[in-house]
Amino acid sequence: MKGKRAASLVLSAGFLAICAPIFAHHGSQGYDHTRRVTVKGTVTEFVWANPHSQIYLDAKDDKGNLVHWGLELNSPGNLIREGWTHTSLKAGDEITVSFDPGKEGRPIGICVDIVFSNGQKLRSSQGCVQGNPDLEK
Amino acid sequence: MRKRPLEFAVVVVGALAVFSLLFAQASEQATTTGVNTAKVKAPDPPDVTGIWVIPQRARGVLRTLSNYRPPMTPWGKAKFAKVRTSFDGRELGNGVAPEKEWNDPIFQCDPNGYPRVMFHGEMTRFVVTPTEVLQFFERDHTWRDIWMDGRKLPEDPDPRYYGYAVGHWDGDTLVVESNGFIDRTWLDQYGSPHSDQMTTEERFRRVDHDNMEWTIALNDPKTYTKPWVSDNIRLKWAPKSPRSETEEIREDFCIWSDQNSFFKRIDSVGLGDAPTRKSK
């Protein structure tokens, strides 16, 4: 069974790679908007880029295992509107972050609220589906 | 006799309300621009120089010329039928499609083109020279030349993403005529189509220092049965783009390697259907 599953996973990955996915815009559809997850962790990378900035973060789960999260934010221009700058985060920053997590247990998140150790707060409204006016991304 | 004190009181209260509102607006402008430009008249002779922002529009106002797109010709309908977005009919879309089918060309870093860049970027910057007005955009970090030297539009233009433009002054209004638009762009995020036969006429009228009115009339008989005339869209003067840190306007490219990296690391197409956007 394990072998079959592994084989089908490899095949799927190969299929995706060969077919070069349509570079459709994501939506917030890969995320579970019915719940919020909060983790405390260390930033490993802050990507300040279109189409969406990203935070990569190492955090321990309930069992003490290290999970590597990837969080999706607004574009830099829209983050600037929300009070961010290109130096808002850097590798090594310790932050507490809340977000809508990925479906099917994927370690991704969106609609991100950050609290720094000094109490400063930042929010990225990307993917906050409740009452957020549609913004072209 | 008894009524007079009441009428007087109403007038006084009304006047106070008006004055405090004007004062509040003036104060706000003084704070945001650093200079009290409230009620400063438009320059004479007229001048469109500066950064102009489309403020966040009221709910229900679609991000395009107007909420009322004219009916399409059979050619237009056939082109529009190929659009795949997350927008429903009330938002001028042709129905909500699963994410893996979305085919907005800007997601592949195709240029927005004109006039879409105005609705997507929500800002523009005019620089005036003796022979032309240069119109800059953050999105795509590009510009178009509005030639003011009396030349005519090309008769058989090689179609371009930002077309060709010539302009002249009509009193206090900058009138801009354009043609030569490549038909690979969408007019807006809803996928409104156009052909390379599209021509536009725009009017930019600076009302006072801080405010400009913009209208665009789009003629494209190959795609639409009538002209599409925009709302009167208000542009507001700004010392810098609201989307830049310190610079006047951002360098806001779509970069293919960044798109690719993002899709690989975070997003994967096909996890499920996109949530239906709420119709306004």
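Cut-offs used in this document
Residues numbered from 1 in each chain as written. Chains lettered and ligands numbered in written order. Predicted model: local features only at pLDDT ≥ 70, side-chain atom pairs only at ≥ 80, totals over all residues. Helix = DSSP H or I, 4+ residues; strand = E, 2+ residues; numbered from the N terminus. Buried ≥ 20, exposed ≤ 12 C-beta atoms within 10 Å, placed from the backbone. Contact = placed C-beta atoms within 7 Å. pLDDT = per-residue confidence, 0-100. Pairing = 2+ DSSP bridges.

1. A few points about the overall build of chain B
- Check the secondary structure of chain B and you find 4 helices and 10 strands.
- For chain B, the succession of helices and strands along the chain, N to C, is α-β-α-α-β-β-β-β-β-β-β-β-β-α.
- Evaluated residue by residue, chain B yields a buried proportion of 33% over its 280 residues.
- Considering only intrachain contacts with a sequence separation of at least 6, the fraction spanning at least 24 residues in chain B is 56%.

2. Quick word on the overall build of chain A
- Per the secondary structure count, chain A includes 2 helices and 6 strands.
- For chain A, the succession of helices and strands along the chain, N to C, is α-β-β-β-α-β-β-β.
- The buried share among the 137 residues of chain A stands at 35%.
- Contacts spanning at least 24 positions in sequence make up 53% of the contacts within chain A whose residues lie at least 6 apart.

3. Here we look at the environment of Glu213(B)
All names here are of chain B.
- Within the secondary structure, glutamate 213 is located in strand 8 (residues 211–219).
- When the C-alpha positions of glutamate 213 and isoleucine 233 are compared, they lie 5.7 Å apart, and in sequence the two are 20 residues distant.
- If near-sequence neighbours (up to four positions away) are discounted, glutamate 213 is found in contact with Arg205, Val207, Asn232 and Arg234.

4. Brief notes about the environment of Leu134(B)
Residues and elements named next belong to chain B.
- By the element assignment, leucine 134 lies in strand 3 (residues 132–137).
- Classification of leucine 134 as partly exposed rests on a count of 13 C-beta atoms within 10 Å.
- In the structure, leucine 134 is positioned 103 residues away from tryptophan 237 in sequence and 16 Å away in space, judged by C-alpha atoms.
- In this structure leucine 134 touches Val127, Thr129, Trp143 and Asp145, once residues within four positions along its chain are discounted.

5. Let's talk about the confidence of the model for chain B
Residue and element names in this part refer to chain B.
- Of the residues in chain B, 81% have a pLDDT of 70 or more, and the chain-wide mean is 86.
- When the criterion is pLDDT under 50, residues 19–34 qualifies, and its contacts beyond four places in sequence or with other chains add up to 9 contacts.
- pLDDT under 50 marks residues 269–280. Its contacts with residues more than four places away, or in other chains, come to 38 contacts.
- This complex was scored by the predictor with a pTM of 0.80 and an ipTM of 0.77.

6. Observations concerning the pairing of strand 8 of chain B
Residue and element names in this part refer to chain B.
- In strand 8, alternate side chains face the same way, and those of Met212, Trp214, Ile216 and Leu218 are buried while those of Asn211, Glu213, Thr215, Ala217 and Asn219 on the opposite face are not.
- Between strand 7 (residues 199–206) and strand 8, which pair antiparallel and follow one another directly, the connecting turn spans 4 residues.
- Examined bridge by bridge, strand 8 and strand 10 (residues 233–238) share 4 bridges and lie antiparallel to one another. Considered in strand 10, the bridge of asparagine 211 is made with lysine 236.

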